Amino acid sequence: MNNREFPAVGEAAENLLKQLEDRKKDDLQWQSGKAFSYVYFADGMITQTLKKAYTLFFSENALNPSAFPSLRSMEIEVVDRCLGLFEGGEDSVGSMTSGGTESILMALKSAKEYAKIHKPHIEKPQVIFSLSAHPAFNKACDYFGLEPKITAINDDYTANLEALECAITENTILIVGSAPSYPQGVVDPITEIGQLAIKHNLLFHVDACVGGFVLPFIQNFEKQWNLSVPGVTSLSADIHKYGFASKGASVILYNNPDLRKTQFYVYTDWPGGMYGSPAILGTKPGGAIAVAWTVLHLLGRSGYEKLVNRSMETSRKFRSLINSIEGLQVFGQPDMCIYSFGSDQFDIYDLADEMHMQGWLMDRQQNPPALHMSISPVHAKVFEEFEKDLRTCIQKVKRWNVASLKKQAQLTAKRGLKKLLPEKMYKRLQDKVLENIDVDNKRSAAMYGLIGDLKGTGETEDLIRNFLDKTMK
Ligand SMILES: *Cc1c(COP(=O)(O)O)cnc(C)c1O
């Protein structure tokens, strides 16, 4: 059991700060460039300035805009800069949020409320998105009681237009496209989805959470994807990803100002006063807003272009390396500096484990099994080291391939067990497996094996719920 004793007296600040440093030691070492997710890092100079900006607004609260006109003006300017960058029309509006998830939740919430007014016959509103869309869309449907209709993707991992159109019913309120989708980094056919939206009188959200601060700065980028595309009604973009702001900064933008109004929440009967709140958060950290404002102006178009060039070049180098290695392959034609790769010769999760032992962190994906990499400017300096370690690890994994045949046999045995064992006993077995999973899962291939085994039985969901429960202890 955890220590639940509340500290009786205060400790020395010095001690605590030292403890913080110590605790950090086991964390992801993103500064080294050996991690390929969670932290988007441009360079130390930018971070220094942004830390000062954050500290200046450390205590300020954007909950009440009239108390802090500084934050209000910065939020407005951040939204305006973004409307300019993403080519919104005259009437376009937006709000800042705490991240991509909140932006997407707001896009779906406003769509739901908008439909109540403009399509009052709809009792069970549906939202259509591709399998490759971010789980924040599933989360939003879950939170707001919307029905998700998830459609197939093409062989090149883009949204399948026919599948999208087939899914449309009289209850559909919103359709979604990604620019790009996270798993393979490919931009959906936004222009064509826009045409579908117009034809069927639907709202259309473009998820540019990861692409928003990359795509506008790629030289000669040809695909159309932003607010200027006919049919697009809303767009989300995260400043805390490739915008390089500190965590807690994203925008949700609308081509139609009525949509933003349906996003707002208002309650007038509270004894504490009239309460109105634009998005999910009540109390809202001033630091995140100050940093977002600062970074956009610190870098400007030319600054972002330079960083994006570096990320794109580095990404091309990594991808050519991966494609040049027998048995490895980058999936699809990534449009920016995020992509995934897999293998037709060995277990890609084993490779992830081996690379993790060398300090490299790549996220594991499924359907197909793949490793994901988000390339930032910081990765330029680690290319040679990555190449060396990758080649060594591949040799190891290939040698093991024989051994893994045995593992396959074990998995099959486990699958057999599941059929044979009574529910309770299998559950206990599952718990046992959970106990063996390190929270810092250096050896996760085993867990993914098990998840593959349980697929489609509803038990995967339980397993993940238990896993989250366990990590929060
Ligand atoms: C990161 C991401 C999100 C969710 O954003 P958070 O900031 O993690 O809440 C949504 N869509 C895409 C494509 C993303 O990459």
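Residues numbered from 1 in each chain as written. Predicted model: local features only at pLDDT ≥ 70, side-chain atom pairs only at ≥ 80, totals over all residues. Heavy atoms only, no water.

1. Considerations on the confidence of the model for the chain
Step number 1: Across the chain, pLDDT averages 90, with 88% of residues at or above 70.
Step number 2: Predicted confidence is poor over residues 437-442, with pLDDT under 50, and the contacts of this stretch with residues over four places away or in other chains come to nine contacts. (pLDDT = per-residue confidence, 0-100. Contact = heavy atoms within 4.5 Å.)

2. Observations concerning the packing of aromatic side chains
Step number 1: Scanning all chains against the criterion turns up 16 aromatic pairs.
Step number 2: When the ring of Trp30 is compared with that of Phe41, the centres are 5.1 Å apart and the planes differ by 75 degrees; the resulting orientation is edge-to-face. Separated by 11 residues along the polypeptide, Trp30 in the loop between α1 (13-24) and α2 (44-56) and Phe41 in the loop between α1 and α2 bring together distant segments of the chain.
Step number 3: With 6.0 Å between their ring centres and 70 degrees between their planes, Phe36 and Phe318 make a pair best called edge-to-face. On the criterion of sequence distance, the pair formed by Phe36 in the loop between α1 and α2 and Phe318 in helix α9 (residues 286-324) is long-range, its members being 282 residues apart. The pair Phe36 / Phe318 is uniform in exposure class, with both members buried.
Step number 4: Each residue in the set Phe36, Phe318, Trp360, Phe383 and Phe386 is aromatic and connected to the rest through ring pairs, giving one cluster. (Phe/Tyr/Trp six-rings, centres within 6.5 Å; stacked < 30°, edge-to-face > 60°. Helix = DSSP H or I, 4+ residues; strand = E, 2+ residues; numbered from the N terminus. Buried < 20%, exposed > 50% of the residue type's maximum accessible area, 1.4 Å probe, protein only.)

3. Re the site of the ligand
Step number 1: The full set close to the ligand counts 13 residues, and Gly100, Thr101, Asp207, His240 and Lys241 are the nearest of them.
Step number 2: Gly100 is positioned such that a nitrogen or oxygen atom in its backbone is 3.0 Å from an oxygen atom of the ligand.
Step number 3: Within the side chain of Asp207, a nitrogen or oxygen atom sits 2.7 Å from a nitrogen atom of the ligand.
Step number 4: Protein contacts shield 85% of the accessible area of the ligand, which totals 380 Å² for the unbound molecule.
Step number 5: No other element matches the three residues that helix α4 (residues 100-118) contributes to the shell around the ligand. (Near = heavy atom within 4 Å. Polar contact = N/O pair within 3.5 Å; in protein donor to acceptor, adjacent residues only side chain to side chain. Areas by Shrake-Rupley, 256 points an atom, 1.4 Å probe, with all protein chains shown as cover.)

4. Overview of the packing of α4 against helix α5 (residues 135-144)
Step number 1: Where α4 meets α5, the axes come as close as 9 Å, and the angle between the chain directions of the two elements is 45 degrees. Here α5 runs oblique to α4, going by the angle between their axes. Relative to α5, α4 is oriented so that their crossing is right-handed. Contacts from Thr101, Ile104, Leu105, Met106, Leu108, Lys109 and Lys112 in α4 reach Ala136, Phe137, Lys139, Ala140, Cys141, Tyr143 and Phe144 in α5.
Step number 2: Each residue belonging to the contact of α4 with α5 can be placed in one class, and the counts come to 10 nonpolar, one polar and three charged. (Axes fitted to C-alpha atoms, helices over the stretch in contact; angles between N-to-C directions. Parallel < 35°, antiparallel > 145°, perpendicular 65-115°, else oblique. Left-handed = near helix turned anticlockwise from the far one by under 90°. Nonpolar A, V, L, I, M, F, W, Y, C, P; charged D, E, K, R; others polar.)

5. A word on the side chain of Thr233
Step number 1: Relative to the assigned elements, Thr233 resides in the loop between β5 (203-207) and β6 (234-238).
Step number 2: In this structure the side chain of Thr233 is engaged in a polar contact, spanning 2.7 Å, whose partner is the backbone nitrogen of Phe204.
Step number 3: Ignoring anything within four residues of it in the chain, the contact list for Thr233 reads Leu203, Phe204, His205, Leu253, Tyr254, Asn255, Asn256 and Leu259.

6. A short note on the pairing of strand β4 (residues 172-178)
Step number 1: In terms of residue burial, β4 counts as a mostly covered element, since seven of its seven residues are buried.
Step number 2: By the bridge criterion, three bridges tie strand β2 (residues 126-130) to β4 in an arrangement that is parallel. What sits directly across from Ile128, in β4, is Ile175.
Step number 3: Looking at chain direction, β4 and β5 are connected through five bridges and run parallel. Paired with Ser178 across the strands is Asp207, a residue of β5.
Step number 4: Of the crossover connections in this fold, the one passing from β4 over helix α7 (residues 190-199) to the parallel β5 is right-handed. (Pairing = 2+ DSSP bridges. Right-handed = clockwise from strand over helix to strand, strands pointing away.)

7. With respect to the pairing of strand β11 (residues 338-343)
Consecutive residues of a regular strand have side chains that alternate between opposite faces of the sheet.
Step number 1: For β11, the tally of buried residues reaches five of six residues, placing the bulk of the element in the interior.
Step number 2: Pairing of β11 with strand β13 (residues 370-374), which is carried by four bridges, proceeds in the antiparallel orientation. Bridge pairing in β13 places Ile338 opposite Ser374.

8. Regarding the sheet that holds strand β12 (residues 363-365)
Step number 1: One open sheet accounts for four strands, arranged β10-β11-β13-β12; its pairing is antiparallel. Strands at the two margins of the open sheet, each flanked by one partner only, are β10 (328-330) and β12. Neighbouring strand axes in the sheet, compared pairwise and without regard to direction, differ in orientation by 35 degrees on average.
Step number 2: In the packing of α9 onto the sheet, the strands contacted are β10, β11 and β13, and the crossing angle to β10 comes to about 145 degrees.

9. Describing α5
Step number 1: Listed in full, the buried residues belonging to α5 are Ala136, Phe137, Ala140 and Cys141. Taken end-on, α5 shows its buried residues confined to a sector of 145 degrees, consistent with a single buried face. Among the exposed residues of α5, those pointing more than 90 degrees away from its buried face are Pro135, Asp142 and Tyr143.
Step number 2: Residues of α5 that are buried sit in contact with α4, β2, β3 (147-151), β4 and β5.
Step number 3: Taken from the residues just after α5, Gly145 is the one with a positive phi, measuring 65 degrees. (Arc of directions from axis to C-beta.)

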